Amino acid sequence: SGKSAVAMALGHNTLAWSDDKRKSVIVLTKSRNLQKQYQQSFSDCHVHFGRNNYNCIHPNKRFPDSTAEDCLFDRDRRGCQHYQDCPYEISKWKAHSRDRVALNYAYWMIAGGSFKPTWLVLDEGHAAPDIVLDYVGLTIGEHLRKKWHLPGFPELSNGLSSGGSLFGNGSLAKPRFEIVASYLKDCAITVANENYCMNIRSIQEMRRCREARRLISKLNNTARVLKSGGGKGHWFIRFGLKLGWYHGQ
């Protein structure tokens, strides 16, 4: 009958369950289009997106094309007098109250902790490891480096790094993990010094500010974990002649 139909059937309240408690199913997809396919195929399946997909309805919103992500009451959304009518908040309430919901992986990794579904279905589940690694990992390619004016890449040898070992044992020289962590910290400082969040005059500058803040946070977090856990071998750094190119250097 198709995998989508099986996923939706998991949460159907007419199935023979061992108790009368409410049963719900959440399907995670990779894209908005896949979410919409569930909604088109199953009329009672609610689709919920991230905040930037819903227009802000406040009459005094910052810019004409502001979204819920640009909320004037970001730290206290309930303080907005239009909170009850906010398209994003209405959709989120439905996502928590409906028995069949389609979310995307990115939203789940940010807000999934607030959901308690009976069934969680991973659509295209074979791609889940790559999706998770893309979310928690960090790839700095030449395009990203130029976009944010980041410093040049550090050099890492195929053998020991400046006489040091991979895990920093037996040498005073910096191991690779420390070199990369220091580079990430320098990148975070570089982005912060650009002051992207000063004198915001347009929605584009607002979103550039948020993008810069997210990048700084990811750079600092990755650097922190590399320095604290790198020696235990829990992190991998891709480099070298064959692996040193990703859409450029």
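Residues numbered from 1 in each chain as written. Predicted model: local features only at pLDDT ≥ 70, side-chain atom pairs only at ≥ 80, totals over all residues. Heavy atoms only, no water.

Student: Please explain the pattern of salt bridges as it appears in this structure.
Tutor: Note that side chains of opposite charge can pair when their charged atoms are close. This model, assessed by the stated rule, comprises 10 salt bridges. The closest approach of N and O atoms between E69 and R214, which form a salt bridge, is 3.5 Å. With E69 in the loop between β2 (46-47) and α3 (87-97) and R214 in helix α8 (residues 203-229), this pair connects stretches of sequence that are 145 residues apart. Residue E69 is classed as buried on the basis of its relative accessible area of 16%. (Salt bridge = Lys/Arg side-chain N within 4 Å of Asp/Glu carboxyl O. Helix = DSSP H or I, 4+ residues; strand = E, 2+ residues; numbered from the N terminus. Buried < 20%, exposed > 50% of the residue type's maximum accessible area, 1.4 Å probe, protein only.)

Student: Would you take a moment to explain empty space enclosed by the protein for this structure?
Tutor: In this approach, a probe sized like a water molecule rolls over the atoms, and the result shows the empty space that is left. This model, assessed by the stated rule, comprises one cavity of 30 Å³ or more. Here the largest cavity defines a volume of roughly 130 Å³. Grouping the amino acids of the lining of the largest cavity by side-chain chemistry returns nine nonpolar, three polar and two charged. (1 Å grid on protein atoms, 1.4 Å probe; cavity = no way out; pocket = protein on both sides within 12 Å on 5 of 7 lines; lining within 4 Å. Points joined across faces, edges and corners; volume = space filled by probe spheres on them. Nonpolar A, V, L, I, M, F, W, Y, C, P; charged D, E, K, R; others polar.)

Student: Explanation requested: the sheet that holds strand β3 (residues 100-104) in the structure shown.
Tutor: Note: strands within a sheet are paired through backbone hydrogen bonds, in either parallel or antiparallel orientation. The strand order across the open sheet formed by four strands is β2-β3-β1-β4, and the pairing between neighbours is parallel. Two strands in the sheet have a free side with no partner beyond their single neighbour: β2 and β4 (119-122). As judged from the two bridges shared by β2 and β3, these two strands associate in the parallel manner. Residue pairing for β3: V47 is matched across the bridge by A102. (Pairing = 2+ DSSP bridges.)

Student: What is the right way to look at the packing of aromatic side chains in this model?
Tutor: Any two aromatic rings considered together are summarised by their centre-to-centre distance and by the angle between their planes. Under the defined criterion, the tally for this structure stands at seven aromatic pairs. The rings of F49, Y54 and Y88 are connected pair by pair, giving a single aromatic cluster. R32 extends its terminal NZ or CZ atom over the ring of F49, reaching a point 4.6 Å from the ring centre. (Phe/Tyr/Trp six-rings, centres within 6.5 Å; stacked < 30°, edge-to-face > 60°. Lys NZ or Arg CZ within 6 Å of the ring centre and 35° of its normal.)

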